[in-house]
Amino acid sequence: MDVNKLLAKLHADLPSENTGIVASYIPELAHAQRDKFGVHAVTIDQREFSFGDYEEGFSIQSIAKVLSLTMAYQRENKDLWKRVGVEPSGTPFNSLIQLEQDMGIPRNPMNNSGALVICDILLDYLADPKKDLLAFVQSLTGDETIYFNERVAASERETSDRNRALIEFMRSFGNIRNGTERLLDFYCSLCSIEMNCRQLSRTFLFLANDGVSLSGERIVSISMTKRLNAIMQLCGLYDEAGEFAFRVGLPGKSGVGGGIVALLPRDYCVAVWSPPLNKKGNSHFGMAFLEGFTSQVGESIF
Ligand code: GLN
């Protein structure tokens, strides 16, 4: 199969009009050009395929939550699940609604409440949290050009009323330990990580490769890799995780910057980017493209 040709054809097959809307609740994200489209795939034996704007950087936003989760999991192992669950939520990424019933324990680490708890845990472990986080992310591929987009981080910090509310609410249940501004600053930096599709698929390759990164380093055990992939499958696309499993059939993670990363264990990782989002906050064309991809290739985890 000529994969590069397939990627171009799948792009050509997308509808001519994109009904999605570029995120603007973080003002800096509204600058993304809506007609950008990139895709890059890398196999565990390091063959690479791409199409479109795959070398153009974008804000990976919530996709980065998997990387902070990995760091916290490395340090806490199964103790981590005392402070955050592993159940799909069926609610939007920034929802407060279940937290009261669940006594301040977020349903999972992929929604904002869960990712904020993960950041709170990391603040207690890391000597220089932002520097250590970026060093970890860069180490997965050896790519030191990956960076925090300070403008995006500042823009989110200024518009973070909802995340601030989540933090204070969880604090009232004893599930947040650090100061709100320090925690928000770390969380907003995490979400502001910028990558292109090539960097993103290579960064996530360890989850397709039994926990061993592109740089050849063991990041997590095989068992932990299974669990991280399970969480992505069930929670990575929030209240559209079922739809994503149904249409695409791969563990995946989306972000409001329009990126989606997905992987077939022991085979490949693919990253796609198209800024306009559907109503659930996931890339409209990204979903459609990945559905076409797994349908044409004829393989999924199911
Ligand atoms: N930084 C974003 C927020 O907290 C992440 C949301 C997302 O990508 N789904 O709202």
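The coordinates are above.
A short tour of the structure in this document, coming up. (Residues numbered from 1 in each chain as written. Predicted model: local features only at pLDDT ≥ 70, side-chain atom pairs only at ≥ 80, totals over all residues. Heavy atoms only, no water.)

**Describing the sheet that holds strand S4 (residues 147-148)**
Stage number 1. Here we have 3 strands laid out as an open sheet, ordered S3-S5-S4, and antiparallel in their pairing. Pairing within the sheet leaves two strands with one partner each, and these edge strands are strand S3 (58-59) and S4. (Pairing = 2+ DSSP bridges. Helix = DSSP H or I, 4+ residues; strand = E, 2+ residues; numbered from the N terminus.)

**Quick notes on the packing of aromatic side chains**
Stage number 1. Throughout the structure, instances matching the rule amount to 8 aromatic pairs.
Stage number 2. Seen from their ring centres, Phe58 and Trp273 are 4.9 Å apart, and the 5° between their planes marks the pair as stacked. Of this pair, Phe58 sits in strand S3 while Trp273 sits in strand S8 (residues 268-273), and the two are 215 residues apart along the sequence.
Stage number 3. Note on Trp273: relative accessible area 3%, which makes it buried.
Stage number 4. Where Phe93 meets Tyr238, the ring centres are 5.5 Å apart and the plane angle is 50°; that geometry is what we call tilted. Taken as a pair, Phe93 in the loop between helix H2 (65-76) and helix H3 (112-125) and Tyr238 in the loop between helix H10 (222-235) and helix H11 (241-247) lie far apart in primary sequence, 145 residues in all.
Stage number 5. Taking relative accessible area as the criterion, Tyr238 reaches 6% and is therefore assigned buried.
Stage number 6. Ring pairing ties together the aromatic residues Tyr25, Phe93 and Tyr238, which thus form one cluster. (Phe/Tyr/Trp six-rings, centres within 6.5 Å; stacked < 30°, edge-to-face > 60°. Buried < 20%, exposed > 50% of the residue type's maximum accessible area, 1.4 Å probe, protein only.)

**Side note on the sheet that holds strand S1 (residues 38-43)**
Stage number 1. Judged by pairing direction, the sheet is antiparallel, and its 5 strands sit side by side in the order S2-S1-S8-S7-S6 without closing on themselves. Looking along the sheet, the strands with just one partner apiece sit at the ends: strand S2 (48-52) and strand S6 (252-254). Recorded for the sheet is a direction-independent mean angle of 10° between the axes of neighbouring strands.
Stage number 2. Pairing analysis gives 3 bridges linking S6 to strand S7 (residues 259-264), with the strands arranged antiparallel. (Axes fitted to C-alpha atoms, helices over the stretch in contact; angles between N-to-C directions.)

**Observations concerning the site of the ligand**
Stage number 1. Around the ligand sit Tyr25, Gln61, Ser62, Phe93, Asn112, Glu156, Asn163, Tyr187, Cys191, Tyr238, Gly255 and Val256, and that is every residue in its neighbourhood.
Stage number 2. One of the side-chain N or O atoms of Asn163 is found 3.1 Å from an oxygen atom in the ligand.
Stage number 3. Between the ligand and the protein, one listed contact pairs a nitrogen atom with a side-chain N or O atom of Tyr238 at 3.1 Å.
Stage number 4. With the chains in place, 99% of the 300 Å² that the ligand exposes on its own is no longer accessible. (Near = heavy atom within 4 Å. Polar contact = N/O pair within 3.5 Å; in protein donor to acceptor, adjacent residues only side chain to side chain. Areas by Shrake-Rupley, 256 points an atom, 1.4 Å probe, with all protein chains shown as cover.)

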